[in-house]
Amino acid sequence: MGIPEVEPTAPSPLFKAGAKVMSTEAARRFLKRYGWRIDRAVIKLTNGHVSMSLVLPEVLLTHIGAKTGAQRSTPLTYFTDRGRIITVASNYGGERHPAWYHNVKAHPRVTLSARGYSGTFIAEVMSGAERDRLFDLAKRFVPNYADYEKMAGGRRIPVVAFTEET
């Protein structure tokens, strides 16, 4: 796999500090409204070598709009598990799923880019025990996900695994 491996059970102290900063209400509002747009541009300009977060591993998801058919790009925090790229459709704890989640459900063949590598992947929404296992890993990796889970109300936060197309 060309996307860098990210071990979710051993986040660095710098990573933990970055996650703590990102957990504030002000940071969450900024990121939800503007941050992803800025980050998308930074990632594209640097060919995936730099992201706005600096400490969180990010992958640029390029996907097709479910309604529009237009190409979209969304930066996402990720980790790896069993050769797959794992992302969480948290929407910063919002009560609705993020748009990218609906798009990959409708069009699961996507492009992921990170650190100068770009490849074609197939998205799969996790369910049951596997979803729960991966979400538990995600909460250990980014403790903010536990807060997002509470904030999301009755919404069950999806976990999406991307497998590289061969």
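Starting from 1, residues in each chain are numbered consecutively following that chain's sequence as written. Totals for whole chains, interfaces and linings use all residues, but because this is a predicted model, local features are given only for residues with pLDDT of at least 70 and pairs of side-chain atoms are given and counted only at 80 or more. Side-chain numbers here rest on the full set of heavy atoms in the structure, without hydrogens or water.

### A closer look at the side chain of T62
Strands are runs of DSSP state E lasting at least two residues, helices are runs of H or I lasting at least four, and both sets are numbered from the N terminus onward. Looking at the element boundaries, T62 is found in strand 1 (residues 58–64). For this analysis, a polar contact is any N or O atom pair within 3.5 Å, provided that within protein one partner can donate a hydrogen and the other can accept it, and provided that sequence-adjacent residues contribute only side-chain to side-chain pairs. In this structure the side chain of T62 is engaged in a polar contact, spanning 3.5 Å, whose partner is the side chain of S73.

### Looking at the environment of I3
As for its position among the elements, I3 is in the segment before helix 1 (13–22). Counting along the chain gives 82 residues from I3 to I85, while the straight-line C-alpha distance between them is 8.1 Å. Note on contacts: a residue pair qualifies if any of its non-hydrogen atoms lie within 4.5 Å across the two residues. Apart from residues lying up to four places away in sequence, I3 is in contact with V59, Y78, I85, L112, S113, A114, Y117 and F121.

### Brief notes about helix 4 (residues 128–141)
Over its 14 residues, helix 4 runs 20 Å from end to end, which matches the ideal 20 Å to within 8%, given 1.5 Å per residue. Among the residues of helix 4, R131, L134, F135, L137, A138 and F141 are the ones counted as buried. Down the axis, helix 4 shows its buried residues gathered within 155 degrees of arc, on one side only. Among the exposed residues of helix 4, those oriented more than 90 degrees off its buried face are A129 and R140. Multiply 1.5 Å by the residue count of a helix minus one, and that product is the helix's expected span. The buried label goes to any residue with under 20% of its type's maximum accessible area, the exposed label to any with over 50%, and the partly exposed label to all in between, with areas taken from a 1.4 Å probe on protein chains only. Throughout, the arc means the angular range of directions from the helix axis out to the C-beta atoms.

### Remarks on the sheet that holds strand 4 (residues 84–88)
The criterion for strand pairing is that DSSP finds at least two bridges linking the strands in question. Taken together, the seven strands give an open sheet; going across it, the order is 2-1-5-6-7-4-3, and neighbouring strands pair in antiparallel fashion. For this open sheet the edge positions go to strand 2 (71–77) and strand 3 (79–81), each flanked by a neighbour on one side alone. Averaged over all pairs of adjacent strands, the angle between their axes in this sheet comes to 35 degrees, without regard to strand direction. As defined by bridge partners, strand 1 adjoins strand 2 across seven bridges and the pair is classed as antiparallel. Following the sheet pairing, V59 is matched in strand 2 by L76. The strands touched by helix 4 within the sheet are strand 3, strand 4 and strand 7 (159–164), with strand 3 carrying the most contacts at an inclination of about 140 degrees. Each axis is a line fitted through C-alpha atoms, taken for helices only over the stretch in contact, and angles between the N-to-C directions span 0 to 180 degrees.

### What to know about the packing of aromatic side chains
Each aromatic pair joins two rings of Phe, Tyr and Trp (for Trp, the six-membered one) with centres within 6.5 Å, and gets the label stacked for planes under 30 degrees apart, edge-to-face for over 60, and tilted for any other angle. On inspection of all chains with the given rule, the structure shows four aromatic pairs. When the ring of Y92 is compared with that of Y148, the centres are 6.2 Å apart and the planes differ by 70 degrees; the resulting orientation is edge-to-face. Of the two residues, Y92 sits in the loop between strand 4 and helix 3 (99–106) while Y148 sits in helix 5 (residues 144–151), which places them 56 residues apart along the sequence. Classification of Y148 as buried rests on a relative accessible area of 5%. Arranged with centres 6.4 Å apart and planes meeting at 40 degrees, the rings of F135 and Y145 form a pair that is tilted. Of this pair, F135 sits in helix 4 while Y145 sits in helix 5; the two residues are ten residues apart in sequence, bridging distant segments of the chain. Its relative accessible area of 8% is what places Y145 among the buried residues. Here a set of aromatic residues connected by ring pairs shows up, and it is made of Y92, F135, Y145 and Y148. Placement of a charge over a ring requires the Lys NZ or Arg CZ to be within 6 Å of the ring centre, with the centre-to-atom vector within 35 degrees of the ring normal. Above the ring of F135, the side-chain terminus of R131 is found at 4.4 Å from the ring centroid.

### A word on the packing of helix 4 against helix 5
The geometry of helix 4 relative to helix 5 is characterised by a closest axis approach of 6 Å and an angle of 120 degrees between their N-to-C directions. Of the possible angle classes, the one that applies to helix 4 and helix 5 is oblique. Contacts from F135, A138 and K139 of helix 4 reach helix 5 at Y145, A146 and E149. Grouping the constituent residues of the contact of helix 4 with helix 5 by class yields four nonpolar, no polar and two charged. In this scheme, roughly parallel covers angles under 35 degrees and roughly antiparallel covers those over 145, while 65 to 115 is roughly perpendicular and the rest are oblique. By the convention adopted, Pro, Cys, Tyr, Trp, Phe, Met, Ile, Leu, Val and Ala count as nonpolar, Lys, Arg, Asp and Glu as charged, and the other residues, Gly among them, as polar.

### Re the environment of D81
Positionally, D81 belongs in strand 3. Here D81 falls in the buried class, since its relative accessible area comes to 11%. Non-local contacts of D81, meaning those with residues more than four positions away in its chain, are made with I86, E130, R133, L134 and L137. Of note is the side chain of D81, whose polar atom sits 2.6 Å from the side chain of R133.

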